[in-house]
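Residue-level structure breakdown
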Amino acid sequence: MKEPCGDYELFRLKITFVMLMTALFLVLPSCSKDDVNVTLTPSEEVVNAFQQKYPDVKNVKWEILVGAYEAEFIYSGTYSENGQHIVLDKVEAQTYITQGGKWVRSEFDVTKDYQDSSSLVVPRAVRETIAAKGKKVDDVKLFDWSDRNDYFYVEFDEPDSELLINFDGTLY
């Protein structure tokens, strides 16, 4: 025969456990770092370098990386380098600037333009190189570098499957 006191203690232990678990499930999600709304303001050198490269861009989200800042923004303008004049319209963009204010590179997500066969953003030679692979494309980005040739980065819908393609369609 069980003691009445033993059942009561087990019942209290179960109730305490359930209350503790409920409290944890309610409190822990509020500790997420995503809920913290921190505005990062980079140094004047970094902001000036960004404004010199993209004077018309207003809404910028900054992140600090090791040795550099990353700026995320929506870009509308003309890419005019390497003999190319490509009109970009409301594309997601990122640029990287060193802590000392030196622009390193930018990347523009032109996946939507690639998917639109009438768009002239992705040159025909690049499209042909991509099509020759016969794979489903996930992402197409235009990389603009300060110290090397620019190229298109193409990521396919397969693990570890990507290409770097020059504007003339040759592999980088």
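Before reading further, recall that the structure is shown in the block above.
This write-up is about the structure you can find in this document. (Residues numbered from 1 in each chain as written. Predicted model: local features only at pLDDT ≥ 70, side-chain atom pairs only at ≥ 80, totals over all residues. Heavy atoms only, no water.)

Thoughts on the overall build of the chain
Scanning the chain for helices and strands turns up four helices and seven strands. Going residue by residue from the N terminus, the α and β elements of the chain occur as α-α-β-β-β-β-α-α-β-β-β. Residues classed as buried in the chain amount to 33% of the 172 residues present. Accessible surface for the chain amounts to roughly 11,800 Å². Of this, 54% is attributable to carbon and sulfur atoms. (Helix = DSSP H or I, 4+ residues; strand = E, 2+ residues; numbered from the N terminus. Buried < 20%, exposed > 50% of the residue type's maximum accessible area, 1.4 Å probe, protein only. Areas by Shrake-Rupley, 256 points an atom, 1.4 Å probe, with all protein chains shown as cover.)

Topic: helix 4 (residues 124-133)
Every buried residue belonging to helix 4 is among Val126, Arg127, Thr129 and Ile130, and all of these are buried. Projected down its long axis, helix 4 shows its buried positions confined to an angular sector of 160 degrees, all on one face. Opposite its buried face, helix 4 presents the exposed residues Arg124, Ala131 and Ala132, each directed more than 90 degrees away. Against helix 3 (111-115), strand 5 (137-145), strand 6 (151-156) and strand 7 (162-165) lie the buried residues of helix 4. (Arc of directions from axis to C-beta. Contact = heavy atoms within 4.5 Å.)

A word on the side chain of aspartate 144
In this fold, aspartate 144 is placed in strand 5. Classification of aspartate 144 by relative accessible area gives buried; the value is 3%.

Description of the sheet that holds strand 1 (residues 61-65)
Read from one edge to the other, the open sheet built from seven strands follows the order 1-2-3-4-5-6-7, with strand pairing classed as antiparallel. Both outer strands of the open sheet, strand 1 and strand 7, are each paired with one neighbouring strand and no more. Within this sheet the neighbouring strands show an average axis-to-axis angle of 30 degrees, counted without direction. By the bridge criterion, five bridges tie strand 4 (residues 103-109) to strand 5 in an arrangement that is antiparallel. By the bridge assignment, arginine 105 is partnered in strand 5 with tryptophan 145. Sheet strands in contact with helix 2 (residues 44-53) are strand 1, strand 2 (68-79), strand 3 (86-98), strand 4 and strand 5, and its direction is about 155 degrees off that of strand 3. (Pairing = 2+ DSSP bridges. Axes fitted to C-alpha atoms, helices over the stretch in contact; angles between N-to-C directions.)

Some remarks on the nonpolar core
Core analysis: the biggest nonpolar cluster contains 33 residues, and Tyr75, Leu88, Phe108 and Phe152 have the highest contact counts within it. Going through the elements one at a time, helix 2, strand 2, strand 3, strand 4, helix 4, strand 5, strand 6 and strand 7 are the ones with two or more residues in this core. When sequence neighbours within four positions are dropped, the list of residues in contact with tyrosine 75 reads Tyr54, Val57, Leu88, Asp89, Lys90, Val91, Ala93 and Phe108. (Core = buried A, V, L, I, M, F, W, Y, C linked by side-chain atoms within 4.5 Å.)

With respect to the packing of aromatic side chains
We describe a pair of aromatic rings using the distance from one ring centre to the other and the angle between the two ring planes. For the coordinates displayed, the defined rule picks out 16 aromatic pairs. With a centroid separation of 5.3 Å and 75 degrees between ring planes, the pair formed by tyrosine 54 and tyrosine 75 is classed as edge-to-face. Residue tyrosine 54 is found in the loop between helix 2 and strand 1, and its partner tyrosine 75 is found in strand 2; the two are separated by 21 residues along the sequence. Plain terms: the ring middles of tyrosine 151 and tyrosine 172 are 4.6 Å apart, the flat faces sit at 45 degrees to each other, and that makes the pair tilted. Of this pair, tyrosine 151 sits in strand 6 while tyrosine 172 is found in the segment after strand 7, placing the two residues 21 residues apart along the sequence. On the basis of relative accessibility, which here comes to 41%, the residue tyrosine 172 falls in the partly exposed class. Three or more aromatic residues joined by ring pairs form one cluster here, namely Phe50, Tyr54, Trp62, Tyr69, Phe73, Tyr75 and Phe108. Cation over ring: lysine 135 sits above phenylalanine 156, and NZ or CZ is 5.6 Å from the ring centre. (Phe/Tyr/Trp six-rings, centres within 6.5 Å; stacked < 30°, edge-to-face > 60°. Lys NZ or Arg CZ within 6 Å of the ring centre and 35° of its normal.)

Details of the environment of alanine 93
Along the polypeptide, alanine 93 turns up in strand 3. Judged by relative accessible area, which is 4%, alanine 93 ranks as buried.

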